[in-house]
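A closer look at the structure
Listed below, chain by chain, are the residues.
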Amino acid sequence: MTCSGGFMEPIAQGAMSPFESGVFSLVVYTILVAAFIASQLFLAAWVGEKKQSVEKSRPYECGIIPTGSARFRYPVPFYMVAIFFLIFDVEGAFIFTWAVIYEDAGLAGYAQMAFFIILLLAGLFYIWRQGGLDWKEHKT
Amino acid sequence: MERAQDVAGDRERGAGSGYRVSDPRDQTSESRDPTADSRFLSLTDRVVNWARKFSLWPMFFGLSCCFVEEAASFTSRYDLARFGAEVLRPSPRQADLLIVSGTVFKKIAPIVLRLYEQMPEPKWVISMGSCSNSGGMYDVYSVVQGVDQIIPVDVYVPGCPPRPEALLQGLVILQEKISTEKPSRRIFHMAGGTQGTDRPVLVGGATKSRDPRGPGYEGVSIRGVSELPNPPQWGSRSDVMWTPPARRIEFSSGDLSLAAELRERFGQSFSAAPHTSDMLTIEAGPEIVKEVLRYLKFEAKAKYRRLDDLTAIDESARRERIWNKDFAGALTDLGGGLLRLPGSRPVVSAPDFTLVYQLLSFDSASRIRVKCGLHGAYPTAGSVTDIWPSANWYEREVFDMFGIRFEGHPNLSRILMPHWWEGHPLRKDYPGRATEMAPYTAADARMRQPLDAQQLSDTGYRRSEKELDAQGSQLGSISDTRYRTPDLRNEFLLNIGPHHVSTHGLLRCIAELEGEQIRDLELEIGYHHRASEKLGERQTWHQYIPYTDRNDYLAGSSLEFSYVTAVETLADIRVPERAQAIRVLLAELYRLSNHLVWFATFAHDLGAMTPNFYTFAEREMILDIIELITGGRLHAEYLRIGGVAADLPEGWKEAVDHLVKIFPRRLHEYEKLLRKNPIFLARTKGVGRISLEEAMDWGVTGPNLRACGLEWDLRRKFPYSGYENYEFEVPTATEGDCYARYLVRVEELRQSIRIIEQAADQMPSGRCVTEDYRYAIPKRNEMLRDIETLIHHFINVTRGMKIPRGEAYGATEVPRGEHGYYVISDGLGYAYRIRVRGPGFANIQTLPILAAGESIADLISIIGSIDIILPDIDR
C-alpha cells in the first residue's frame, strides 16, 4: 500500500481543509485500539476468581426470592410519554433547519413553518386531552 | 477442639475486649510456602492489595441501632470516604464489603445469607455491634447468637452500639488484613493464594461457646431459670420485703357514671375494679365483652373511639394461683406469719388467660381498660375487627404470642414470628433464651425462607372486592381503560424490603402492581422482633431500662421515660422536680435529634441527598450535649425509677444555650431547601392522604394524627413530668397527606427548642432522684452514711427492688406518637408481664390505605413521611 501524498489528493481543493496522508497511522491506531479493547475484554473475562451459585445468579429483590416471571405485558405509561417526547423532539430538527435559512425562505417559508407548528400544537393538545401524558391516576 | 472453642467463644463474647481479626495461622488454604511465589506474583499481590484496600465498596445490612451509627459514619463529621470506602450501597451486586450492623434475627437470617452469597468475589465481612457479634444483650428466642453462625466474619467491631469512630477503626483493621492476602494466584487461576474471607462459619456448641456468660465458666451452672409455672417462685426473697400498696386513683365523675351506666346495662357478668392505679378497669365475661366494647365505642356518653391497645396475659404463672393449687399445705410449714397470703380467689374462677383491651376517648381525654378472662389451654375469643379495623394486627399478635384464637378474624396467621415457628413465645411455659434452644445454623438459614409474595398476598388481609371496586371506580381508570383488557390482568408482585434503603428498617411491603400503580399492598412485619416483652419478665425492674431505649433507637431516653412513668405510676413514686425537668429536657433533645434524622431521610428518599449532610451536623451537636449529660449517644440509659442516674454535669447550660441560639436559624436554612422546592411539593402534596376519621379508627398517633387536623398530644392531654408548666403549641395541619406530616414535624422542631429553652432556664434545684430509696438506687455518698441506705443499695443492685402487686399503664409522647408501657407486677423483683404499646405498630398498619392507588415512587414518599422505626413496630 502506498501512502504518498499524491494518492490522497483532496477531492475538491479549497472546499475542504487540506488533508495530509494518514492511512498508515490510521491503521496503526485502529489496530492499537482494537488490541487494547480486546485485552481489556479478555482480562475482565479471565482474570479473577469466579464462583457461580444459584443464589448469585438469582435476581436481587430486596433479599427475597422473586415471585413469578418478569416477562409479561407490563403497562408502562412512561413509555407513551417517552415516545411523544421523541416525536416532538424530532420536529425540532425541522425547525432548527428552517431557522438557519430563515432569511432565504422568506414569508412563504414562515407561513409553512407556522402551519407546521400549529399542526404540531393541535396534536399535542389532542394527546394531552386524551390523557396520554398522565403517568398515573391520582386518588381523588 | 478445646482451643478452637476458646477462640470461637472468645470471639463470640468479643464485645469490650477489643477488635479481632482472623488469625493468620487459621488460614489453612495457604498450604504452600509464600516465598516460593515469583517476584511477579509478589508484585501483583502488592499492587492488587493496595488497590483493593483503598477502594472498598461497602454494602450495609442495617438491622437495628448499630446502623444509625453506621449511617452517621458517612456524614460530614466522620466521613467514611476518607478511608477509601465510598458511599454505602444497598445492593450486593456492586459491593465487596458487607457490614452487618445490628441484631440478626432468625427471621431475617436467610436474607443476610442470600445477600452475602449474591456479592461478587472476593468479599469481606465486618460484623458491627454486640448483637451481630454474639447476640449481645439479646439472648432471646428470636435472635441468632452471632452472625458468624451463618456467614464468615473478618472483623468484629464491639459496642452497643459502636460509635462511628469504632466502625472506622474496624475498616482500617480490615484494610490491614487485606494487605496480608496473596490474591495473585487466585487471580491468575493458579493453585493456592488467599483473598477475601477464609474463615469458617461457626457452629454454636461445636466451634463456638454457647455459654451466655462467655467461655471459661463450664464448671459453674447458670444461675436462675426462665420464669416458668414450674418450679413456682413461692419462696422469693421479695416476699419478705414490705412495700406500700400500689397507687390508688380517685375515679372522675365521668368514670363513675360510665361504670354505673355499664352496670345497669350489662348486669351480672360485668364488674368494675374498685380501685386501680391508672384508669377505670372493668371486667367482662367472654360472652358479653364484644357488646361492651361496641357500646363503649358507639353509645357511651364519652365515645371511646380508639383502640389504644389489645393484648393478653398468660395467667398460669401467677403465684397466687400456684399457691392456692399446689402449695396450700407447703406454705403452712413456712411458719405462719412469714408469708402473707394474698386474698385467695377460688382456683376454678381464675382465668388461664386475660385479654386486655385499652380504649381511649378523645372527647373526655380518658382511658378505660376492659379485661376478659379466658379459660383453657388454647382458648378462643370473638374478633373485634368489625368494631375497630386496627384490631386486625393486634389479634394476630395475640394469636402469635399466646395461641389464643379469634373467631371472625379475616386472616388469623402469625405476624411477628416467622411462619415456620413452633410455639407461642409469650406463654409462660415457653423458654425465653436462645441459648436454651437448638443453635441456629447456616443450614437453617438456607431452609427457613420467608413466605413467597404470592402466598402472602393471597392469604393476606384483602379489602373486600366491593371496596376495591368502589376504589377502582373512584380512580376512574385502571379497571377498564387502555391499560388492561378484561381477560388480561397485568398484575405483578414486587417485594419492597426487607432489605431496602427506603423502608427504614426491616419492613417487607408486597406491592401488587399494575404498571407503576399500586393496586394493593400487603405488609409483612416481624423481621425485627427482639422479644422486648419477654425480656421484661426476666430482667429486674431497673435492668429492663436499657432494653427500653432499644425499642426506638432514634428516640433514646424518650422510651425510658414511658417505662419509668409506668412503674412510678404503679408504685406511686414521687419524682423530684429537678429530675422531672431533666427528663423533659432530654426527651425534647431526642425529639430534635429524631426529627432531624427524619428530615434528612425523608428528603433523601425523595432524591434530595443534601439535607442529610446538613442536618446530621446539628444532630451531632445534640448528641454531644446528650453525651455530656448522660454518657451515651443513641442509648442514654440515664433515667432511673424515681429520677435520673446522675445530676447535670458542669457546662451543660452553656451547651444547651448555644444550641438554642443557633438552632432556629439553621432550621430556617434547611427548610428553605425543601419547603418551596417544586419537586418536593409534587412528591408530597396530595400524596398518601388519610382522613381524620380513618386515622382515629386505626389508632394512628403522634404527628401523623396531628397532620389530619386533631390537636392531640399527650403532653397537653395527659400532662406528665410537669409539661403543664411549659409554654408550647401543638402544631397541626389539616390535609393528612405527606406534606401535612412534613409541616407538623418541622413545626414540632420549633416547639421543642422552645421547651428546651424553658427547661434549661427554669431548671429547678434540688435532688435528681427520689428520697424513697426503697425504689431507687441510692447515691453513693448517701449510701456510705447510714445503714438503711446501705441496705437499700445492696438489695436494689443485687436482687432488685420489689414493686407492689398491681398493674399500670404509662405513656409519653415520643417523637413518633404515643409510646406506652403496661407493666404488671406480681409483687416480685421483676415484672410479671410487660406490654409495649408502640406507635409504629398502629401507624404502619394504615400503609395499605395510604398507598393503594398511588405509584411505587409515592410509596417511598409515604413511608418516609410516616416516620417509622422497626423495633417499635415489631418490639
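Here the structure is a predicted model, which means the values were calculated and not measured.

Cut-offs applied
Residues numbered from 1 in each chain as written. Chains lettered and ligands numbered in written order. Predicted model: local features only at pLDDT ≥ 70, side-chain atom pairs only at ≥ 80, totals over all residues. Heavy atoms only, no water. Helix = DSSP H or I, 4+ residues; strand = E, 2+ residues; numbered from the N terminus. Buried < 20%, exposed > 50% of the residue type's maximum accessible area, 1.4 Å probe, protein only. Contact = heavy atoms within 4.5 Å. Areas by Shrake-Rupley, 256 points an atom, 1.4 Å probe, with all protein chains shown as cover. Buried area = accessible area lost by both parts, 1.4 Å probe. Salt bridge = Lys/Arg side-chain N within 4 Å of Asp/Glu carboxyl O. Polar contact = N/O pair within 3.5 Å; in protein donor to acceptor, adjacent residues only side chain to side chain. Pairing = 2+ DSSP bridges. Right-handed = clockwise from strand over helix to strand, strands pointing away.

**Thoughts on the overall build of chain B**
- From N to C terminus, chain B includes 32 helices and 19 strands.
- For chain B, the residues scored as buried account for 63% of the 875 residues in total.
- Sequence separation of at least 24 residues holds for 75% of the intrachain contacts in chain B that already meet a minimum separation of 6.
- By element, 53% of the accessible surface of chain B is carried by carbon and sulfur atoms, the whole surface being about 31,900 Å².

**A closer look at the overall build of chain A**
- Looking only at helices and strands, one finds three helices and zero strands in chain A.
- When the helices and strands of chain A are read in sequence order from the N terminus, they spell out α-α-α.
- A buried classification covers 18% of the 140 residues belonging to chain A.

**Some details on the interface of chain A and chain B**
- Between chain A and chain B, the residue contacts involve 32 residues of the former and 53 residues of the latter.
- At the boundary of chain A with chain B, total buried surface from both sides reaches about 3,800 Å², with 52% on carbon and sulfur atoms.
- For the pair chain A and chain B, the number of links is four salt bridges.
- A:Glu49 serves as the salt-bridge partner of B:Arg186, at 3.2 Å between the closest nitrogen and oxygen.
- The interface formed by chain A and chain B holds 17 residue pairs in polar contact (both at pLDDT 80 or more) in total.

**Overview of the pairing of strand E1 (residues 58-62) of chain B**
Residue and element names in this part refer to chain B.
- Taken across its five residues, E1 has five buried, putting it largely inside the fold.
- Side-chain alternation along E1 places Pro 58, Phe 60 and Gly 62 on one buried face and Met 59 and Phe 61 on a second face that is also buried.
- Pairing analysis gives five bridges linking E1 to strand E2 (residues 97-101), with the strands arranged parallel. Across the sheet, Gly 62 pairs through a bridge with Ser 101, a residue of E2.
- Traced from E1 through helix H3 (residues 65-72) to E2, the parallel crossover comes out left-handed.

Read these as spatial facts, not as claims about activity.
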